[in-house]
Amino acid sequence: MSTSDGAEPHPPASAESSIATSSTPNFSNLPLHIEMRIVATRAYEQYKTRGDLDALETSIQCLRVAMGVTEDDHPEKAAIINNLGLALNTRFECAGERQDLEEAIFLWQLANALTPDDSPDKPSWLSNLAVSIISRFEREGRAEDLEEAIGLCTHAVELVPDSHVHKPTLLNNLGSSHRARFEQLGKLKDLESAIALHARAVELTPDGHSNKPLMLSSSGNSHQTRFKQLGKLEDLESAISLHARAVELTPDGHPNKPSRLSNSGNSHLTRFEQLGKLEDLESGIALHARAVDLTPDGHPFKPSWLNNSGSSHLARFKRLGKLEDLESAIALHARAVELTPDGHPFKPSWLNNSGNSHLTRFEQLGKLEDLESAIALHARAIELTSDGHPDKPSRLNNSGNSHAIRFERLGLIEDLESAIRLYTCAAGLAPDSHPNKPGWLNNLANSLVRRYERTRDLKDLKKAIAHLFRAVNLTPDGHTGKPLYLNNLGAKLGTKFEQSGSLDDLDQAITHLTNAVSLTPEGHPNKPAFVYNLSNLLRTRFNEAGNVPDLEEAIKYSTCSVELLPKNHAERAPVLRLLGLLFDTRLRSPHAQADDATCAMEASLEAMQHPNSHPLERLRACDQYTDLLSEFPHLFTTPPRLTLLDAYKYALGLIPRCIWLGNNVRGRYASKELPVIGDVVNNAVTAAISAGEHGLALEWLETGRAVVWSQVLQLRTPLDDLRRVHPQLADNIYHVSQALQHAATSPSSSLPLSTEPRKAQPSLEGHTQSSHIYALEYEKLITQIRELDEFKDFLLPKTLSQLAGACVSGPVVVINAHESRCDALVLYGAGDIAHVPLPDLSLLRAKFIQKLLWDTLRAKRLLNRCRGNTRDEFEHDDRGGRVTAMDPPDLMRIILAELWNRVVKPIMDVVCTLIPSSATLPHVTWCPTGPLAFLPLHAAGIYPECKGTNTDSQTVMDIAISSYTPTLEALLKPRTRLAAGHTEYPKVLVVSQPDTPNCTSIPETRTEAGIIMSLIEHSTPLDDTEGTIQSVLEGMATHDWVHLACHGVQNHTDPMSSAFALYDGRLTLSSLVSQHLPNADLAILSACQTATGDEKLSEEAVHLAAGMLNAGYKSVIGTMWSISDYIAPEVMRVFYTVMAEQVKTGGELQPAYALHEATKALRNKPGGVNDFIRWVPFVHFGL
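Residues numbered from 1 in each chain as written. Predicted model: local features only at pLDDT ≥ 70, side-chain atom pairs only at ≥ 80, totals over all residues. Heavy atoms only, no water.

The name recorded for the protein in an unreviewed UniProt entry is CHAT domain-containing protein, from Irpex rosettiformis.

Following this line, the structure appears as structure tokens:
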């Protein structure tokens, strides 16, 4: 865990009003220009006293009249121009209209041009001009404005002696100009000059003078700035003293009293952040509240005081964890934004701080709408901040924070890339002397490490550590930020240890973390995070070196971290999980204590049930809890509050929250959650089987398999029943579902990321933002629907009774492989379940068989190429190395025999007893999990070594017709045209690609297409150049069957980019699943690797065949590896012949039977049975 401070201060008090006005004459029978000046002056004073904007408008109008009727050579002309500039500058401060500021600058330039250097008014008007130019600098960040302002102020100071009445004001403004340049360029000599000038202004202003509080307040601001730069407490104490005295000397009712109260509140808040004393925090809140109360609604500075009050409440929330403070902070920041018009120079600051408060509430409560609000507010703040503005880096950094946190929550890589880009911009815009530069380097380093954890690119880790060393070195000892950078440096060195294995890295990491903890005062909001990180690395060192004091220290620190963290804090789950893990570690060591098992269990359970924490952390805690219950049931000193099965039931309820609908499908597959979900579901199913709860095991396995596909299908759920009862609710969820389907399959992640600030890429961020909004709305609608009595189970995971329909066409065999046991569950009949233990199979053996198969196929280059185009390359392929001395047929024979003996035969022995005998072969559908999902169970058997004979064989193909399914739900689709009774030929789209650009030629695809055209009457060909992406998608929408004879590509890096190679590009999996295909029945994928899948996502069935099922097809023919261009037409001739005969007879269409006959024809050729590479890859999915 790491933090960064993004709050921005209110406008400096030195700008309260250091602009001088000329005296107003008083005579009778006044000329018009003098009368107008008198009215204008009175109106201006009314505005200053009451904040009356109408009075300010009156002042401006009267001064315009006065200036218009006064001759250019009149001695009062310059004074009138000066006062009009003052009024316009004041209106600019209220409304933020740039034209007011530009006119004020022009008028003061004119007044100075009309006034000689020896005029007593010249110094004041030079200073006024300088103040307005500083305002323009603060708005637009132009360095030349700053230099000009300092020159003007310097000239004004030089024109008057120390005894001059305006000397303190001129010194004050010159000091403020130097402070502004320091904040821009970071040169300490500017800050020292500012402090000296402000001190001199205070010294020259006698006690009792009305400007004394202004000088004190300005001096306090400069000392506070130096504290933030150097971290010296004496500067902070001086700032607090100076601000307190300014408040004391300012009478109630004075227009600047709120400003000085707010400055004083800021200084107390800063001391609280440094020392953690609650009395400072309470003083800050009280001072800010009083500033708000003293300022009437409509006053131009009201938003400033609201903003500062919001920041103080946010600080108290972070310290005490009271939600009412957080709600107050959000409300106050929102009110500040609401009261400030667009174009006002401080609007970006209020937006930024409002974003910070929403981000904090998300971190606390985990509500995604707060995260989305934070991202939008930070983006708007950046958009309204001009390039070169001194606050631009801070706002870029805070926007980076919100993206980094959304990455942690949703795992979307675009957010991590955006965070790195924003942090890089922020750090690059600031000089090394900038007080916030270390913090921005720190945040950049954190995100680089997160990318390293995703990509394992060592360059990112090395850059991160270098940035953190730089952040530490740029921060002086005693500075409030030093512990944070030491903490993060230690954490990243710990990450480096994981890669290097060097104990020196680990020792350095622990040293830095120990320093971070010792330098952080009690009560500091970062203390729990630092203690957590230290305890985690102490545990690592204990595991490496076995030093018992390290483990004891780790438990002590981890316990402290839990105690320091508020009960409702979003990070409480990982902190509790670590504590549980530490007790678990000691439990398994020779130094175990009697209550270790109970302590580990209680910590893990509390983490698992913490409502505000990340669902993935809670799921991991559940895994920890169930491991304890499984391994140490006899060691608990108190009974567990949840049984093993109850704990798994709770865990499976978290799965929908782990994989969020707001991410696109590609982002969901790239997330870190899926492997964790797979492990938890595997453990849960095994526990249920061990307990004899076979129905529960099937339900759980269905819940945890193909999670992303299930979400896609969920969005297509028919709403007929809901529409009959609640048509408006049905329409609402239909429209939101449609929007989410589009967003889910959008290729937004392929959009280029600009190196410019965030506003340069509206299409990507706009898409992401809208998809997240739709997801939040979808969740709300689901909740509303489930509150209706008749729809309590709407879109909840299916029960066993609902899944029973999956076995209408024959038994469905689900196989679960776990490190402790392997089992098959056979769903048959009316929903009965037969349990088949597989004692001769282990998870390790299954992984070995899968590796042996894939090594064999890789040696023949059958997993990394497209459809082969020569007759002999499948027999003599010298482009791939061999992994063993055996030929592929010998290895395949061993693999298929292993599958038969250890998996398929024990299952089929049971299946054959469950179904009535028949003249036709039974239809068995396989639903394997884990490494078995990649193995050819349909071809398992004992095959003779002698080529040309089938004697003495024992194979599954001899006793059953096989299909596969990724989930049971995929078998619940209505059969439509596949059902019996249809004698009309289906409409078939036949796509052939003999010469796809940039691919090898596969001329037999044209032969294949010709065969189909001769056998199926209603077929539409799309050959060669006709086979474009658009024409194929349009054809799929109007045809019942589609046949794709082309190259297929399995993309292991980005599974959703797996594709069919068409004439004008790739038809990707992400595009397919986004289609609405009302007529879809059968898809024949006569391409390569269309059912291969992704080894890292074994439970997700991420391949083209599964994609076609999810696009709406009921039945799909695919291939497990690359196929020969010359074999495919032979297979398809038999397949379509059988299918055509089925159509003629009007019986049930059985694509699985047709494929069985087609591959049997290949086997029956001389030597064909042992030519496994040719006939085994063809598989059937679905009905």
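Having put the structure on the table, let's press on.
K.L.:
Looking at this model, I keep getting lost on helix H27 (residues 615-631). Mind explaining?
P.N.:
Between the first and last C-alpha of H27 there are 24 Å, a value that for 17 residues agrees with the 24 Å anticipated at 1.5 Å per step. By the criterion of burial, H27 is predominantly enclosed, with 13 of the 17 residues buried. (Helix = DSSP H or I, 4+ residues; strand = E, 2+ residues; numbered from the N terminus. Expected span 1.5 Å × (residues − 1). Buried < 20%, exposed > 50% of the residue type's maximum accessible area, 1.4 Å probe, protein only.)

K.L.:
Can you walk me through a nonpolar patch on the surface in this structure?
P.N.:
A cluster of nonpolar residues, Leu 32, Val 65 and Val 69, forms a patch on the protein surface that exposes about 220 Å² of accessible area. Looking at where Val 69 falls in the secondary structure, it is placed in helix H2 (residues 53-69). Exposure remark for Val 69: the relative accessible area of 40% places this residue in the partly exposed category. (Patch = residues over 30% accessible without salt bridge, like charges linked within 9 Å, V, L, I, M, F, W, Y side chains within 5 Å. Areas by Shrake-Rupley, 256 points an atom, 1.4 Å probe, with all protein chains shown as cover. Salt bridge = Lys/Arg side-chain N within 4 Å of Asp/Glu carboxyl O.)

K.L.:
Explain the packing of helix H9 (residues 212-230) against helix H11 (residues 257-275) here, please?
P.N.:
A pair of packed helices is captured by two measures, namely the crossing angle of their axes and the spacing between those axes. Where H9 meets H11, the axes come as close as 11 Å, and the angle between the chain directions of the two elements is 25 degrees. Judged by the inter-axis angle, H9 sits roughly parallel to H11. Note that H9 runs across H11; the crossing there is left-handed. Across the interface between the two elements, Pro 213, Leu 214, Ser 217, Asn 221, Gln 224, Phe 227 and Lys 228 of H9 pack against Arg 260, Asn 263, Asn 266, Ser 267, Thr 270 and Gln 274 of H11. Looking at the contact of H9 with H11, its residues break down into three nonpolar, eight polar and two charged. (Axes fitted to C-alpha atoms, helices over the stretch in contact; angles between N-to-C directions. Parallel < 35°, antiparallel > 145°, perpendicular 65-115°, else oblique. Left-handed = near helix turned anticlockwise from the far one by under 90°. Contact = heavy atoms within 4.5 Å. Nonpolar A, V, L, I, M, F, W, Y, C, P; charged D, E, K, R; others polar.)

K.L.:
Honestly, the environment of Pro 1151 in this entry has me stumped. Any pointers?
P.N.:
Among the secondary structure elements, Pro 1151 is positioned in helix H45 (residues 1151-1163). Residue classification places Pro 1151 among the buried positions, given a relative accessible area of 1%. For the pair Pro 1151 and Val 1138, spaced 13 residues apart in sequence, the C-alpha to C-alpha distance is 8.7 Å.

K.L.:
Before we go on, may I ask you to explain the pairing of strand S14 (residues 1082-1086) in this structure?
P.N.:
Consecutive side chains along a regular strand alternate between the two faces of the sheet. Most of S14 sits inside the fold, with five of its five residues counted as buried. A two-sided burial pattern is seen for S14, the buried positions comprising Leu 1082, Ile 1084 and Ser 1086 on one face and Ala 1083 and Leu 1085 on the other. In this structure, strand S10 (residues 1041-1045) lies alongside S14, joined through five bridges in parallel fashion. Residue pairing for S14: His 1043 is matched across the bridge by Ile 1084. Sheet topology places S14 next to strand S15 (residues 1115-1119); three bridges connect them, and they run parallel. (Pairing = 2+ DSSP bridges.)

K.L.:
Got a minute to help me understand the packing of aromatic side chains in this structure?
P.N.:
Each aromatic ring pair is summarised here by two numbers: the centre-to-centre distance and the angle between the ring planes. Under the counting rule described, the total for this entry stands at 11 aromatic pairs. Arranged with centres 6.2 Å apart and planes meeting at 45 degrees, the rings of Tyr 44 and Tyr 47 form a pair that is tilted. With Tyr 44 and Tyr 47 both in helix H1 (residues 32-50) and three residues apart, the pair spans about one turn of that helix. Summarising the aromatic geometry, the rings of Trp 1041 and Tyr 1136 are spaced 6.5 Å apart at their centres and angled 45 degrees between planes, so their arrangement reads as tilted. Residue Trp 1041 is located in strand S10, and its partner Tyr 1136 is located in helix H44 (residues 1128-1145); the two are separated by 95 residues in the primary sequence. Accessibility classification places Trp 1041 together with Tyr 1136 in one group, the buried group. (Phe/Tyr/Trp six-rings, centres within 6.5 Å; stacked < 30°, edge-to-face > 60°.)

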